[in-house]
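So you can see what is in the structure, the chains are spelled out below.
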Amino acid sequence: MIFPVDESGTAFYLHHLFRDFLNKELVETFSKSEIYRLHCTIAGKMEEEDVFCALHHFIEGHDYDEAIRLIDTHEIHFLLEGKIIFLEECINRIPKNIIEKNPQLLLAQAKLFTYFGNPRSATILLTRAHKLFKKQESRENMIKCLVELGSLYYFTGYVKEAKLLMEQVLDDVEKPSMTYIIAMTYLTFLSSVLGEFETAATYYKEVWEVIETLPDFKRKASTVLINTSYSHTLYI
């Protein structure tokens, strides 16, 4: 009825019938508010070890503010660890009225639409997110929207326009930050696509000065992104 997830013996999954039985016992034993608190307690204890598990429990516990915080601060984890579908499922479990009022969630949804090849829907959500960030006077997040819009220009065939937009926002991007790394990754790649190999090499050199100052995980993630981008100079 209980099976280990891997050889570590630290995580397990339950037979679906046993899981259903435990859920039934939980509902019959505790009130909704108590169950929500249990989920949030689990989320808090799991956050450092397994952010994906923590996100699931924050949503189950209806603590949407904490769920939004995890989505916003661990974006690169979802991308690099192949959890895009999981992220989509999590966001879809958040009430629509909360999503509509929260620019971070709108931005996250826009990025998902970009990954899934739906630039029209992504652009609509980016526009709405940008307006809400503007009302909040959150310049950093407004820039995130513009960087994402620049990527949509590329995906829809407007390569020069994409590069121009990235160049325009670059001076306003905080360093070091993942937004800066992503913008420089696109600029390196877009310069290569346009045949501007010396420019690509310059961006590559500049971004490395920032990457070396990042914490371990962000440094590794940034290295993967920028090296993948710069490798296009070898094939174009």
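### Section: the overall build of the protein
Here is step 1 of the chain: Regarding its fold elements, the protein presents 14 helices and two strands.
Here is step 2 of the chain: Buried residues in the protein amount to 38% of all 236 residues.
Here is step 3 of the chain: Here the contacts in the protein between residues at least 6 apart in sequence split such that 47% fall between residues at least 24 apart.
Here is step 4 of the chain: Surface summary for the protein: the accessible area is close to 13800 Å², and the carbon and sulfur share equals 55%.

### Focus: the packing of helix 4 (residues 64-73) against helix 8 (residues 103-115)
Here is step 1 of the chain: Following both chains from N to C, one finds helix 4 and helix 8 inclined at 45°, their axes separated by 10 Å at the closest point. Put simply, helix 4 runs oblique to helix 8. Seen along the crossing, helix 4 lies across helix 8 with a hand that is left-handed. Side by side, helix 4 and helix 8 meet where Ile68, Ile71 and Asp72 of the first sit next to Gln104, Leu105 and Ala108 of the second.

### With respect to the nonpolar core
Here is step 1 of the chain: Counting 33 residues, the largest nonpolar core has Leu55, Ile59, Ile71, Ile91 and Ile94 as its most contacted members.
Here is step 2 of the chain: If we ignore the near neighbours within four places in the chain, the residues touching Ile94 are Ile59, Tyr64, Ile71, Ile99 and Leu105.

### So, the pattern of salt bridges
Here is step 1 of the chain: Per the stated rule, a full pass over the model turns up 12 salt bridges.
Here is step 2 of the chain: Linking Asp172 and Arg139 is a salt bridge whose minimum nitrogen-to-oxygen distance equals 2.9 Å. Placement of Asp172 in the loop between helix 11 (159-170) and helix 12 (178-193) and of Arg139 in helix 10 (residues 139-155) is noted, with a sequence separation of 33 residues between them.
Here is step 3 of the chain: Judged by relative accessible area, Asp172 falls into the partly exposed class, the value being 40%.
Here is step 4 of the chain: Salt-bridge contacts for Lys163 lead to Glu167; the nearest nitrogen and oxygen are separated by 2.5 Å. Pair noted here: Lys163 and Glu167 are both in helix 11, with a separation of four residues, about one helical turn.
Here is step 5 of the chain: Because the salt bridges share partners, they merge into one network encompassing Glu47, Glu66 and Arg69.

### Points about the packing of aromatic side chains
Here is step 1 of the chain: Counted under the stated rule, the structure contains six aromatic pairs.
Here is step 2 of the chain: Both rings, one in Phe52 and one in Phe86, keep their centres 6.0 Å apart while their planes meet at 90°; by these two values the pair is edge-to-face. Here the residue Phe52 occupies a position in helix 3 (residues 51-60), and Phe86 occupies one in helix 6 (residues 84-92), the gap between them amounting to 34 residues.
Here is step 3 of the chain: Of the residues examined, Phe52 reaches a relative accessible area of 11% and is grouped as buried.
Here is step 4 of the chain: Among the residues examined, Phe86 registers a relative accessible area of 23% and is labelled partly exposed.

### So, the packing of helix 13 (residues 197-211) against helix 14 (residues 216-230)
Here is step 1 of the chain: The geometry of helix 13 relative to helix 14 is characterised by a closest axis approach of 11 Å and an angle of 175° between their N-to-C directions. When the axes of helix 13 and helix 14 are compared, the pair comes out roughly antiparallel. Side by side, helix 13 and helix 14 meet where Ala200, Ala201, Tyr204, Val207, Trp208 and Ile211 of the first sit next to Arg219, Ser222, Thr223, Ile226, Asn227 and Tyr230 of the second.
Here is step 2 of the chain: A class-by-class count of the residues in the contact of helix 13 with helix 14 yields eight nonpolar, three polar and one charged.

### Some remarks on unusual backbone geometry
Here is step 1 of the chain: Note that the residue after Lys175, namely Pro176, is joined by a cis bond; omega there is -5°.
Here is step 2 of the chain: Of note, His62 is a non-glycine position whose phi angle comes to about 60°, a positive value.
Here is step 3 of the chain: By secondary structure assignment, the location of His62 is in the loop between helix 3 and helix 4.
Here is step 4 of the chain: The phi dihedral of Glu137 falls on the positive side, at around 55°, and the residue is not glycine.

Rules used throughout
Going along each chain's sequence as written, the residues are numbered from 1 onward. In keeping with the model being predicted, local features are shown solely for residues with a pLDDT of at least 70 and side-chain atom pairs are shown and tallied solely at 80 or more, while totals for entire chains, interfaces and linings include all residues. Values reported for side chains reflect all heavy atoms of the structure, with hydrogen atoms and water molecules removed beforehand. Elements are defined by DSSP. Helices are runs of H or I of four residues or more, strands are runs of E of two residues or more, and each kind is numbered from the N terminus. Think of it in three bands: with a 1.4 Å probe and only protein chains considered, a residue is buried below 20% of the maximum accessible area for its type, exposed above 50%, and partly exposed in between. Contact criterion: two residues are considered in contact whenever any of their non-hydrogen atoms come within 4.5 Å of each other. Reported accessibility uses the Shrake-Rupley method at a 1.4 Å probe radius. Residues are deemed covered only where the shown protein chains occlude them. Lines fitted to the C-alpha atoms define the axes, with helices restricted to the stretch that makes contact. Angles between their N-to-C directions range from 0 to 180 degrees. Angle categories are assigned with fixed cut-offs, so that under 35 degrees is roughly parallel, over 145 is roughly antiparallel, 65 to 115 is roughly perpendicular, and the rest are oblique. Note on convention: the crossing is left-handed when the near helix lies turned anticlockwise from the far helix by less than a right angle, right-handed when the turn is clockwise. Side-chain atoms within 4.5 Å link the members of a nonpolar core, which is a set of buried Ala, Val, Leu, Ile, Met, Phe, Trp, Tyr and Cys residues. Any carboxyl oxygen of Asp or Glu within 4 Å of a side-chain nitrogen of Lys or Arg constitutes a salt bridge here. Note on ring pairs: Phe, Tyr and Trp rings are taken, using the six-membered ring of Trp, and paired if centres are within 6.5 Å. Classes follow the plane angle, with under 30 degrees stacked, over 60 edge-to-face and the rest tilted. The classification used treats Ala, Val, Leu, Ile, Met, Phe, Trp, Tyr, Cys and Pro as nonpolar, Asp, Glu, Lys and Arg as charged, and all other residues, Gly among them, as polar.

Shape descriptors only; they carry no functional weight alone.
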